[in-house]
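Here's the letter readout for the chains.
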Amino acid sequence: MPAAAREVAVSVRCPRCALRFDAGMTHCPDCSALQPAFAYTIAAFDYVPPFDALILQVKQSGRFGLAATLGGLLADAVARDPRGLLPDTRLIPVPATRPALRQRGFNPAGEIARAVGRRLGLGVLPSVVRVTDDGMGRQRMLSRSARLARAGGRFGLHFGAGLHVQGFPVAVVDDVMTTGSTMHSIAQVLHDAGAARVVALVVARTPASRN
């Protein structure tokens, strides 16, 4: 049996957070721990080889143009997904911390969101959500359980930005979702600001087998 067929046979993807986990499990481990504030997740692929290398090239090697390519792949995934996005959905990239912006010179999630917006004809709002805890960048060193425990309080809205999301469906865009804690935190902030619905769009979803 081909490897891809074996993977389908032994794993399932959570419809809420897109986590791929063993088919024998009865509940998604991430959603059971977090109860996400976002409605559902569309992911282009799992964060496994060779796709993880593409994302690392963007984040660690400054491959600015490759971020747009990843955005195109995510737009294709949205177009294929029967849930899709409402025509008036507003795209909001996950904001980068100040240290990450200084290091890279750009926000990968922002470039991905712009590419998705161009392909799908949707507006992008890059200056709605802000980071309130710049220590968030250290999350990459945390385990899955530690990330889930740390959810909440890391994001807020720029002054007056709530007017841009009130009553509108919103899609939060990021490069990688590891546990969903970042998306959950941002979705809570957007719901509090009056967003009609919040969904998550990610290029890659980390499977349960990886921290």
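Right, let's walk through the structure included here. Just so we're clear, the structure is a prediction, and the values are computed from it rather than from any experiment.

Some words on unusual backbone geometry
Okay, step 1: Cis rather than trans, the peptide bond between Pro 49 and Pro 50 has omega equal to 0 degrees.
Okay, step 2: Relative to the helices and strands, Pro 50 is located in the loop between β3 (41–46) and α3 (51–61).
Okay, step 3: One non-glycine residue with positive phi stands out, namely Ala 18, at about 65 degrees.
Okay, step 4: Tracing the sequence through the fold places Ala 18 in the loop between β1 (11–13) and β2 (20–22).
Okay, step 5: One non-glycine residue with positive phi stands out, namely Gln 35, at about 50 degrees.
Okay, step 6: By the element assignment, Gln 35 lies in the loop between α2 (29–34) and β3.

As for the layout of surface pockets
Okay, step 1: Each pocket or cavity is described by its volume, and for the second largest pocket that value is around 270 Å³.
Okay, step 2: Along the wall of the second largest pocket there are 16 residues; nearest its centre are Pro 95, Ala 96, Leu 101, Val 129 and His 158.
Okay, step 3: Among the elements of the structure, α5 (98–104), α6 (108–120) and β6 (129–131) are those that each provide at least two residues to the lining of the second largest pocket.
Okay, step 4: Top contributing element to the lining of the second largest pocket by residue count: β6, with 3 residues.

Observations concerning the environment of Leu 122
Okay, step 1: Within the secondary structure, Leu 122 is located in the loop between α6 and β5 (123–124).
Okay, step 2: Take Leu 122: its relative accessible area is 11%, and that puts it in the buried class.
Okay, step 3: In this structure the C-alpha to C-alpha distance between Leu 122 and Asp 88, which are 34 residues apart in sequence, comes to 7.0 Å.
Okay, step 4: Look past the residues within four positions of Leu 122 in its chain and what remains in contact with it is Leu 85, Leu 86, Pro 87, Thr 89, Leu 91 and Gly 117.

What to know about helix α8 (residues 181–192)
Okay, step 1: Spanning 12 residues, α8 covers 17 Å between terminal C-alpha atoms, matching the ideal 16 Å at 1.5 Å per step.
Okay, step 2: Across the 12 residues that make up α8, a large majority, 9, are buried.
Okay, step 3: Looking at α8, one finds that the buried residues are Ser 181, Thr 182, Met 183, His 184, Ser 185, Ile 186, Ala 187, Val 189 and Leu 190.
Okay, step 4: Directly after α8, the chain includes Gly 194, whose backbone phi takes a positive value near 100 degrees.

Regarding the sheet that holds strand β9 (residues 197–205)
Okay, step 1: Here 5 strands make up an open sheet; going across it, the order is β3-β9-β8-β4-β5 and the pairing parallel. Each end of this open sheet is capped by a strand with a single partner; those strands are β3 and β5.
Okay, step 2: Pairing of β3 with β9, which is carried by 5 bridges, proceeds in the parallel orientation. If you follow Phe 45 over to β9, its bridge partner there is Ala 204.

About the criteria used
Position numbers for residues start from 1 in each chain and track the written sequence from start to end. In view of the model being predicted, local features appear only for residues whose pLDDT reaches at least 70, and side-chain atom pairs are presented and counted only at 80 or more, with totals across whole chains, interfaces and linings using the full set of residues. Here the side-chain values reflect all heavy atoms present in the structure, with hydrogen atoms and water set aside. Labels follow the DSSP assignment, with helices taken as runs of H or I lasting at least four residues and strands as runs of E lasting at least two, numbered in each case from the N terminus. Detection works on a 1 Å grid of protein atoms alone, calling trapped sets that fit a 1.4 Å probe cavities and calling open sets with protein on both sides within 12 Å along at least five of seven lines pockets, with lining residues defined by an atom within 4 Å of a point. Grid points are joined across faces, edges and corners, and a volume is the space filled by probe spheres set on the points. Remark: exposure states derive from per-residue accessible area (1.4 Å probe, protein chains only) relative to the maximum for the residue type, with buried under 20%, exposed over 50%, and partly exposed in between. Throughout, a contact is declared for two residues whenever any of their heavy atoms are within 4.5 Å. Each helix should span, by expectation, one fewer than its residue count multiplied by 1.5 Å. Strands are labelled as partners when DSSP assigns at least two bridges between them.

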